[in-house]
Structure formats: C-alpha cells, structure tokens
Amino acid sequence: MTKEDVKGAAEEEQAQSKKALKKQQKEAEKQAKKAEKQAKMATEQQATDEDDFAKDRYGVSAMVQSQERLGRTLIRVQDLTPEKANQLVWVRARMHTIRAKGKQCFLVLRQQQFNVQALVAVGDRASKQMVKFAANITKESIVDVEAVVQTVEQKIETCTQHDVELHVERIFVISQADARLPLQLEDAVRPDVGVEEEGRATVNQDTRLDNRVIDLRTTTSQAIFRLQSGVCQLFRDTLLQKGFVEIQTPKIISAASEGGANVFTVSYFKTSAYLAQSPQLYKQMCICADFDKVFCIGPGKGRHPLQHHAPPTCGFWELSHFAGRHLLGRLPSCTIRELCIAQVTVHRSSWPDSLESVQEDGGLERPSAVFRAEDSNTHRHLTEFVGLDIEMAFNYHYHEVLDSITDTMVEIFKGLMDRFQTEIQTVCKQYHSEPFKFLEPTLRLEYQEGVAMLRAAGVEMGDEEDLSTPNEKLLGRLVKEKYDTDFYVLDKYPLEVRPFYTMPDPHNPKYSNSYDMFMRGEEILSGAQRVHDAQLLTERASHHGIDLEKIKAYIDSFRYGAPPHAGGGIGLERVTMLYLGLHNIRQTSMFPRDPKRLTP
C-alpha cells in the first residue's frame, strides 16, 4: 500500500469518526429534548390534576373481573322517555358518535337498536378536562354514564330516543375499542338506494361478513335477528297451543344420504359419519309411534322443482335418506351431477321433497336441509340453515294439516306485526319494501288455476309441467295484483313432478295431494300427504323404477299400522328475508355458510 493510500484511509476513518460523533451528539440532544418535554408534560399534568375538580368523575375503569357486585341499577336506553325527566340515571352503552364543540361535547350512545344523545359540558359537574376526555373516547367503546334525563324542545331526529337527552355528570370507559375500526357503522346503515352516492361510503356484503361481529351491531342487523327470534318463538308457541310435541331428531347419521358425494363427512370414533340433511324419516317415525302432531326447529327441508326438461325415470338413491341406516350404506357413491353427465336418467318424481332443484342456469342443486354440500351460489341458498318442520296425523283429509300450517303462518305474521313494529320500521329505513300482506283465511289456489293465470300472462307451459323459478316469481306478482296478498298456497301439484311417496289425488290420478307455500313469489314450504300404505307405496315406487330392495326398511315401517299424515318444512332464514322484503339470504343468516364462506 502506498503512502497516499494510507493517508487516504486515515482521512476517511477520521471523517467517519466525526460523522459518528456528530450523530451521537444529535441523538443525545434529541433524548434531552424528549426528557425535557416529558418532564414539562408531567408538571403540567400534575398542575392540571390539581386544578381538575372533576377528576374522580371520569376515566378508564379497572377491568371488570367480578371484584365486587355494585348495587347500581342500569337503565335501558329504550326506557329513556320523557317520563324519566329530571331523574339521575346510570346507562351502559356503546360510544356511537362523538362531536366536540368548544366547551361541550355531544355523544350518541347506542344500545342494540336504540340510541340517545348525551351532552358533556363544562360546568359545575364537568371540567374542561372531562370534556376533553369524553371527546377522545374511541368509537364502539363501552361506557358507563351517570346523567340527568332532560326533555328537549326540538326532537332529535337522528336518535331513536328523540324526546330526551342525557346531561352527563360521570363517564367511565368499561371496555375500550381500537381506534381503527374495520368498518364504520354509520356507513353500514346507510339507506340502500340502489346507486352509490358521491362522497358517501358504503359497505359491501363481503366486508360486512368478514367483520360480522361489527356488522351485527348495526341497528338494522339487531332488528333483523330479533325479528327472526320472534319467528321461532311464534312458531313454537302456536304449535304448542295446537297440541304439537316438539321433537329433536339425529343430526349425525351412519351413512351418506346421497351416496357420499353431496354430504359432509365427519370423523366418528374409528369410522366415518355424516351430517343429516332432513328430519323427515324421523318425523314420520314419530307419527307412526302415535305422537300425532310433531314439530322440530333445526333440520330444515324445502323442495324446489326439478325442471321439466329433466330426462325420464331411473332411481338411484331415491329414498336413501328416509330408508334408514342399514339401507344408506348400500347406495352407489356418485353425485347427482356425475350421474346426469353419464346419461343416467333421473326424474323428480323419484326425489324426496327435501331436494332442491336444478338452478336457473341448469346446475343441479342438492337438498335444502341443515347441511347442503352442493356448490350453489344464489341469493336464497345456504349450505347450512335452520328449518322449521311440521308433521301431523289427520282424520279424513290432508287439508286438515294444510289448514293447521297456514293458520300457524298467519299467527306468525300477525305476531310479527303486533310485537315487532320497531324492528320492521328499523329495517325498512335502510332496505325499503312494501308491507307484507296476507289474507285470512289464506288464499289457496289449485295448480291448474296457477297455470291458467300464467298462460293468460303469455307463458307457454303444459298442464303437468313443473313451475320454473321465473314462473314462480311471475305467478307471485300476478297473485298480488289480483288478490292483494304476498302469501298463498298452490295445491294439487301434478303427480309426475312430486316424490313417489306423495299421495295421488283420488279424483284425478294426474294430480296429487301436495302443496307449496309462497311468500312474495318465492317458495318457503313444500309438503304433501305421504303414502302411508305399504302396498300403495310399493306400487308407486315400482312405477318410478325404484329398486324395492333399497327401500325395503322404509316400506316396512308402514306395515305395522300408520295413520294418514302430512307435513312440510320451512326455511327460517328465507321466511325472515321475504317477510322483510330483503334480497339476499345472507342478510338473515347470523353467520352464513355457503360454498365460498366458512368463517367467521
């Protein structure tokens, strides 16, 4: 190395040392300034605390670990009315919105679907530090507030409690929310006007479902699921009053009801089991066991017509999920779709009425039951839903059962109108729809009358042709125009488009003792009188080319005396959706499951 190289290296090292020293000096100065600032803030805070006469009236409470049980009574937001004027109350609610203005801060406190305005203002009971504290509480935090209820001269239109406001004297944070929320609740409840308004954010469905815990806090979601709870309660109460017995049916079965391809498999000790699709087998067994009238809430069963262009007959697992555990294991392991591709013919008349239809686009659907392992992505289908099922023995005519079901539906509709007006109006503010209309007694049309109405509207279809989904919707509109009802029954379906165990019409062998019920032009229930005679059931099965050995256990269950009976199944989420006039079943499923969603 030359002298010049050595000299250059030394100069470079000296420059780096000076640079490092300068950097250290800057860092030291920075730390000194930071320490000085912290000391100054601490001094100011101490002086502030000494001057803050309200320092014990606000703050962040210690985590509630059940340290003690206070005798404090918390008032519900919905109970804050003018009758409580001038009363000092405690309220626990979420911080919905905050607006600070000078020496006062306006809060909106939300509790489920109700909210109230609150005011924190500098005065005898609140210091400026207390106002500042309230203004900096994060949205969605849970707070306890002690306040005086005051009536207002001008209604607060943005709050449900528009006749009063709270004048806050104490405020404590019970649970603090993160400052950054995945969605803003005011955006999530913005009215659905069909087009996005410039400058106003909206929340799409995936964002809602990805952050369902937040979305369920909206006033609209709260209203939807409280009304849905009402549907279950009214269904149960009405049937219990009618002498029905509530039953619980197995959800785990020993063999796949559709050959194993379209069901969900679960590990069951040293073997495999499957999630049940329909309670129908067990409902019918209970009728044969002399329970007479049964219902269950859980396994749902609905039927959508297999479209009329389906090829004629062959049965490959026709009654598999009714035939019992011993039969199920002997069914071929292939999907409906694969069979059709292989040109194995299937006719809808061999299907149990818990089966879904061919979709409008021609894709095959699997049964509408609690668990549906079919890749169906529509506005009204889920892979898991709640079913309301009914089965009932009757004396002489299946219309005894039909009347009982329609009476139950009417009682549900009336109960919702009487008890859930607040919820209905809350949903309507965001998703406007016409009030749901129904008649007493329920309108009942025969299938031939429905076909005649469609033909008069320009639809070309045969007498015994099944209704497509578009024709169902069109018929719903025609019925509404003519009879001014959103709920009706279509009775006496063609025998050839119904399951083989459906009782034929004794007066016209081309038709059957079966029915569907519709709300706003969409089917919510499918049912029928079941064939309860082993000999007739054998004849009907043979007529449809069904292997009698595969359904032997099912037929044998009627050899020991079975009363005439009928029933049907209703989808809870679909009833809620259609009653409220919503357009997607995911809005009425608390944590929806479909082929693309398994979380949260």
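Residues numbered from 1 in each chain as written. Predicted model: local features only at pLDDT ≥ 70, side-chain atom pairs only at ≥ 80, totals over all residues. Heavy atoms only, no water.

## Examining the overall build of the protein
At step 1: A tally of helices and strands in the protein yields 16 helices and 17 strands.
At step 2: Of all 600 residues assigned to the protein, the portion counted as buried reaches 52%.
At step 3: Pairs at least 24 apart in sequence give 72% of the contacts found in the protein among residues at least 6 apart.
At step 4: Put simply, the protein shows about 29,700 Å² of open surface, and 50% of that area lies on carbon and sulfur atoms. (Helix = DSSP H or I, 4+ residues; strand = E, 2+ residues; numbered from the N terminus. Buried < 20%, exposed > 50% of the residue type's maximum accessible area, 1.4 Å probe, protein only. Contact = heavy atoms within 4.5 Å. Areas by Shrake-Rupley, 256 points an atom, 1.4 Å probe, with all protein chains shown as cover.)

## Here we look at the pairing of strand S9 (residues 265-268)
At step 1: Pairing analysis gives four bridges linking S9 to strand S10 (residues 271-275), with the strands arranged antiparallel. Counted as the bridge partner of Ser267 is Ser272 from S10.
At step 2: Hairpin remark: S9 followed by S10, antiparallel, with two residues in the connecting loop; positive phi at Phe269, about 55°. (Pairing = 2+ DSSP bridges.)

## With respect to the sheet that holds strand S8 (residues 252-253)
At step 1: One open sheet accounts for three strands, arranged S8-S10-S9; its pairing is antiparallel. The outermost strands of the open sheet, each flanked by one partner alone, are S8 and S9.

## Section: the nonpolar core
At step 1: Among the nonpolar cores identified, the biggest contains 51 residues, and Phe235, Phe487, Tyr515, Met519, Ile524 and Tyr579 are the most heavily contacted of them.
At step 2: In terms of residues, this core owes the most to one element, helix H6 (residues 219-241), which gives nine residues.
At step 3: Counting residues in each nonpolar core, the second largest holds 31 residues, with Ala93, Val143, Ile171 and Val173 among its members. (Core = buried A, V, L, I, M, F, W, Y, C linked by side-chain atoms within 4.5 Å.)

## Looking at the environment of Tyr447
At step 1: Relative to the helices and strands, Tyr447 resides in helix H12 (residues 447-456).
At step 2: A C-alpha to C-alpha distance of 5.6 Å links Tyr447 and Tyr493, two positions 46 residues apart in sequence.
At step 3: With residues up to four places along the chain from it excluded, the contact list for Tyr447 reads Met461, Asp463, Glu465, Asp466, Leu467, Leu490, Asp491, Lys492, Tyr493, Pro494 and Tyr511.
At step 4: A polar contact is formed between the side chain of Tyr447 and the backbone oxygen of Glu465, at a distance of 2.3 Å. (Polar contact = N/O pair within 3.5 Å; in protein donor to acceptor, adjacent residues only side chain to side chain.)

## Some points on the packing of H12 against helix H13 (residues 469-483)
At step 1: The contact between H12 and H13 brings their axes to 10 Å, and the two run at 90°. Judged by the inter-axis angle, H12 sits roughly perpendicular to H13. Residues Gly450, Met453 and Leu454 of H12 form the contact with H13, whose own contacting residues are Asn471, Leu474, Leu475, Leu478, Val479, Lys482 and Tyr483.
At step 2: Residue classes in the contact of H12 with H13 are distributed as seven nonpolar, two polar and one charged. (Axes fitted to C-alpha atoms, helices over the stretch in contact; angles between N-to-C directions. Parallel < 35°, antiparallel > 145°, perpendicular 65-115°, else oblique. Nonpolar A, V, L, I, M, F, W, Y, C, P; charged D, E, K, R; others polar.)

## A few points about the packing of H6 against helix H11 (residues 421-430)
At step 1: Across the interface, H6 lies against H11 with an axial gap of 8 Å and an inter-helix angle of 135°. The orientation of H6 with respect to H11, classified from their angle, is oblique. In this structure, H6 crosses over H11, and the sense of that crossing is left-handed. Along the contact surface, H6 presents Thr219, Thr220, Ala223, Ile224, Arg226 and Leu227, while H11 presents Glu423, Ile424, Thr426, Val427 and Gln430.
At step 2: Its residues assigned to classes, the contact of H6 with H11 comprises five nonpolar, four polar and two charged. (Left-handed = near helix turned anticlockwise from the far one by under 90°.)

## Some remarks on the pattern of salt bridges
At step 1: Inspection of every chain in the model, using the stated rule, returns 28 salt bridges.
At step 2: Between Asp215 and Arg208 there is a salt bridge, with the nearest N and O atoms lying 2.8 Å from each other. In this pair, the class of Asp215 matches that of Arg208, namely buried.
At step 3: The salt bridge partner of Lys414 is Glu411, with a shortest N-O separation of 3.7 Å. (Salt bridge = Lys/Arg side-chain N within 4 Å of Asp/Glu carboxyl O.)

## A word on unusual backbone geometry
At step 1: Residue Glu440 is joined to Pro441 through a cis peptide bond whose omega torsion reads -5°.
At step 2: Inspection of the secondary structure assignment puts Pro441 in the loop between H11 and strand S13 (443-446).
At step 3: The linkage connecting Thr599 with the following residue, Pro600, adopts the cis geometry, with an omega of -5°.
At step 4: Within the fold, Pro600 resides in the segment after helix H16 (572-580).
At step 5: Despite not being glycine, Ser66 shows a phi value in the positive range, around 60°.
At step 6: As for its position among the elements, Ser66 is in the loop between strand S1 (58-60) and strand S2 (88-101).
At step 7: Classification of Ser66 by relative accessible area gives exposed; the value is 67%.

## Brief notes about the confidence of the model for the protein
At step 1: Residues of the protein with pLDDT of at least 70 account for 80%, and the chain-wide mean is 84.
At step 2: In this model residues 256-261 is a low-confidence stretch, pLDDT under 50, and it forms 26 contacts with partners more than four residues away in sequence or in other chains.
At step 3: Predicted confidence for residues 299-369 stays below pLDDT 50, and this span has 249 contacts to residues more than four positions away or in other chains. (pLDDT = per-residue confidence, 0-100.)

## Focus on the sheet that holds strand S15 (residues 514-519)
At step 1: Within the open sheet, the eight strands sit side by side as S7-S11-S12-S17-S16-S15-S14-S13. Their pairing is mixed. Edge strands, defined here as strands with exactly one partner in the open sheet, are strand S7 (245-246) and S13.
At step 2: Alignment of strand S14 (residues 487-491) against S15, held across five bridges, turns out to be antiparallel. Paired with Leu490 across the two strands is Asp516, which belongs to S15.
At step 3: On the sheet, H6 packs against S7, strand S11 (293-298), strand S12 (387-393) and strand S17 (565-571) and is oriented at approximately 165° with respect to S11.

## Details of the pairing of S12
At step 1: Most of S12 sits inside the fold, with seven of its seven residues counted as buried.
At step 2: Neither face of S12 is open: one carries Gly387, Asp389, Glu391 and Ala393, the other Leu388, Ile390 and Met392, and all of them are buried.
At step 3: Here seven bridges tie S12 to S17, and the two strands are oriented antiparallel to one another. Within the sheet, the bridge partner assigned to Ile390 lies in S17 and is Gly568.

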